[in-house]
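# Fold and contact review
These are the residues of each chain, in order.
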Amino acid sequence: MPPRVRIAPSPTGAPHVGTAYVAQFNRAFARKHGGAFVLRIEDTDRTRSTKESEEAIYAALRWLGLDWDEGPDVGGPHAPYRQSERSEIYREHTAALVEKGAAYRCFCTPERLAEVRERQKAEKSSFFGYDGHCRDLDASESARRAAAGETHVVRLRIPSEGATRFEDLLRKPIEIAHKEMDDQVLLKSDGFPTYHLANVVDDHLMGITHVLRAEEWIPSTPKHLLLYRAFGWEPPVFCHLPLLRNKDKSKISKRKNPVSLEWYRDEGYRPEALRNFLALMGWSPKDETEVFDEARFVAEFEPEDVKTTGPVFDLEKLDWLNGEYIRAMPEDDLANAIVAHVGKDLDREELARIVPLVQERMKRFADFESVADFFYADEVPLAKEEFAAAKKMTDADRVEALKAALALVEAADEVGVDLEPALKEVATERGWKIGPFFMCLRIAITGKRATPPLLESMAVLGKDRCVARLRRAATFLAEE
RNA sequence: GGCCCCUUAGUCUAGCCUGGUCCAGGACACAUGGUUCUCAGCCAUGAAGCACGGGUUCGAAUCCCGUAGGGGCUACCA
């Protein structure tokens, strides 16, 4: 039977890198085995869920290339895939549980719950959680109060004795004693289900065979198992993936890391690079290749090969990987990507000449701005201190150097690498080192010390702009 | 506090299941050198690790126990 897997993001904020991380593993597993990858929107938190966030999740995952086979926007045999549209299903299932006695109504007020929590804290109790106040309410009285419209939630009745044990694809069997669990709320007072209920009901109804989700869910998995049992359903296989971490090893968060997929898109990361990087978090191909494509990932990935240690999200390595991908791009593709990133149309002919000069100098598309800015500037910023980088030359030398170069450029039909021998000759004649001499010109032409090769850059700029910049710099340096 | 998960260099990892071929391999970052008009790229070289303590064994990164450290959960959030 081909596997059916899913991701179940909550539309409560910017599309999260952790969602993409888990999505990619799920999707690869489904693709490899000819199964289905389902996207389900868990919008049962009515106060935090937004339509915008939901749309942003679709857009971000599609940008990354993580498309799904079934979902709210594409439909599928188990629609609807948006939990807010499945309320009736959850209500019916909850009623069945109450009927069986596996769940019960709880009429406790939020205030009472808060008090209980306070008391447990004050008593330094080893148990924190619901105290079971409504657990043994008479069934007919419970039904009467509910019928009278009294506000209540429905809680799962956890057995008081014993423990629930489960197998995780990646770990030794995990067992949690029932006395450590409290009676989890299944249906909130607003009639919407909690994650636990909706998740179990939907996974079952949607035929999910394998649950690959983040390890933060381990502690509540026994509750989910108890639910499967109460319904009389066969539970799926569980595989708890490691949590992405900040540098300090805490769970990845937006305070300590860029976490929104939109940031990565806007910064100019290639989707392939980000996915490659994410795949490397906890997993690696057998031969330890670092750079690989989706086909290879899908062909080799098995969930049981994922490492359980939470990997620290290292932007520096992502930058390196993205640079690798950028360098591997055909120049036309890179030009298109740059135009898309800049958001306005650039002179294509000129851009085609700039691309080879900047390609190996960019780690993100956003770098284009800082690497290629001088090609687009009307005037380049000049500062006396910058010219100090033309070492072992006096200001008078520098002015002279600029003038000499100016004369050569003016005399030439075209500026470009052809000028190199003549320029070197000038430098040698005057007793200037080649390095400092070129540095002096570089700063005049680009305003910076670190740039693409000078003569190639000048060729792109053309004679007129080079003349203007050299002349301006000479004047600038000459005046005190 | 309680419960649960995790532990190979600064970071990502291979090796661990089936102990010896590992005086632990690869990658990022870092350092040095080379190429060179700067930067980048590329090439070469280098520094850096099996958390700790016991045990089992002829032999342990690999098996067992303990300790320490980190993390997660502990909501009518997911």
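Computed from a predicted structure; not experimentally measured.

In spatial order, the strands read β3-β4-β7; together these three strands make up an open sheet with antiparallel pairing. The sheet is open, and its two borders are formed by β3 (103–106) and β7 (185–187), each paired with just one other strand. Within this sheet the neighbouring strands show an average axis-to-axis angle of 45°, counted without direction. By the bridge criterion, four bridges tie β3 to strand β4 (residues 153–156) in an arrangement that is antiparallel. Of the residues in β4, the one forming a bridge with Ala103 is Leu156.

The next point concerns the protein's contact with RNA strand B. RNA strand B sits among 66 residues. The nearest are Phe128, Lys188, Gly282, Glu288 and Glu360. The sugar-phosphate share of atoms of RNA strand B within 4 Å of the protein amounts to 69%. Asp45 has a polar side-chain atom sitting 2.9 Å from a sugar or linking oxygen of RNA strand B. In the environment of RNA strand B, a base nitrogen lies 3.4 Å from a nitrogen or oxygen atom belonging to the side chain of Glu456. Among the elements of the structure, α4 (110–122), β4, β6 (171–177), α11 (315–327), α17 (420–430), α18 (434–446) and α19 (454–461) are those that each provide at least two residues to the surface near RNA strand B.

So, about the pattern of salt bridges. Side chains bearing opposite charge may pair, as long as their charged atoms lie close to each other. Scanning the model with the defined rule gives 51 salt bridges in all. For Asp67, the salt bridge identified is with Arg31, shortest N-O distance 3.8 Å. Highlighted residues: Asp67 in the loop between α2 (51–64) and α3 (87–100) and Arg31 in helix α1 (residues 17–32), separated in sequence by 36 residues. The salt bridge involving Arg31 is made with Asp69; its shortest N-O contact spans 3.3 Å. With Arg31 in helix α1 and Asp69 in the loop between α2 and α3, this residue pair connects regions lying 38 residues apart in the sequence. According to the relative accessible area criterion, Asp69 is partly exposed, its value standing at 36%. Counted as one network, the salt bridges with shared partners bring together Arg6, Arg40, Glu42, Arg86, Asp202 and Asp203.

This part covers the layout of surface pockets. Roughly 1200 Å³ of internal volume is contained in the largest pocket. Lining of the largest pocket is provided by 42 residues; of these, Pro9, Ser10, His16, Thr19 and Glu216 occupy positions nearest its centre. Contributions of two or more residues to the lining of the largest pocket are made by β1 (4–7), α1, α2 and β8 (210–214). Top contributing element to the lining of the largest pocket by residue count: α1, with five residues. Partitioning the lining of the largest pocket into residue classes produces 18 nonpolar, 14 polar and ten charged. Broken down by secondary-structure element, the contributors of at least two residues to the lining of the second largest pocket are α12 (331–342) and α14 (367–376). Partitioned by chemical class, the residues of the lining of the second largest pocket number seven nonpolar, one polar and three charged.

Our focus in this paragraph is the pairing of strand β9 (residues 237–241). Burial within β9 is extensive, with four of its five residues counted as buried. Direction of pairing for β8 relative to β9: parallel, over a ladder of five bridges. The residue bridging Arg213 from the neighbouring strand is His240, located in β9. One crossover worth recording links β8 to the parallel β9 by way of helix α7 (residues 221–231), and it is right-handed.

Next up on the list: α19. One full turn of an α-helix is made of 3.6 residues, so residues set three or four places apart face in the same direction. Among the eight residues in α19, seven count as buried, and that is most of the element. Listing the buried residues of α19 in full gives Leu454, Leu455, Ser457, Met458, Ala459, Val460 and Leu461. On its buried face, α19 sits against α13 (348–358), α14, α16 (395–411), α17, α18 and α20 (463–478). Directly beyond the C-terminal end of α19, a positive phi value near 90° is found at Gly462.

Reading guide: rules and limits
- Residues numbered from 1 in each chain as written.
- Chains lettered and ligands numbered in written order.
- Predicted model: local features only at pLDDT ≥ 70, side-chain atom pairs only at ≥ 80, totals over all residues.
- Heavy atoms only, no water.
- Pairing = 2+ DSSP bridges.
- Helix = DSSP H or I, 4+ residues; strand = E, 2+ residues; numbered from the N terminus.
- Axes fitted to C-alpha atoms, helices over the stretch in contact; angles between N-to-C directions.
- Near = heavy atom within 4 Å.
- Polar contact = N/O pair within 3.5 Å; in protein donor to acceptor, adjacent residues only side chain to side chain.
- Salt bridge = Lys/Arg side-chain N within 4 Å of Asp/Glu carboxyl O.
- Buried < 20%, exposed > 50% of the residue type's maximum accessible area, 1.4 Å probe, protein only.
- 1 Å grid on protein atoms, 1.4 Å probe; cavity = no way out; pocket = protein on both sides within 12 Å on 5 of 7 lines; lining within 4 Å.
- Points joined across faces, edges and corners; volume = space filled by probe spheres on them.
- Nonpolar A, V, L, I, M, F, W, Y, C, P; charged D, E, K, R; others polar.
- Right-handed = clockwise from strand over helix to strand, strands pointing away.
- Contact = heavy atoms within 4.5 Å.

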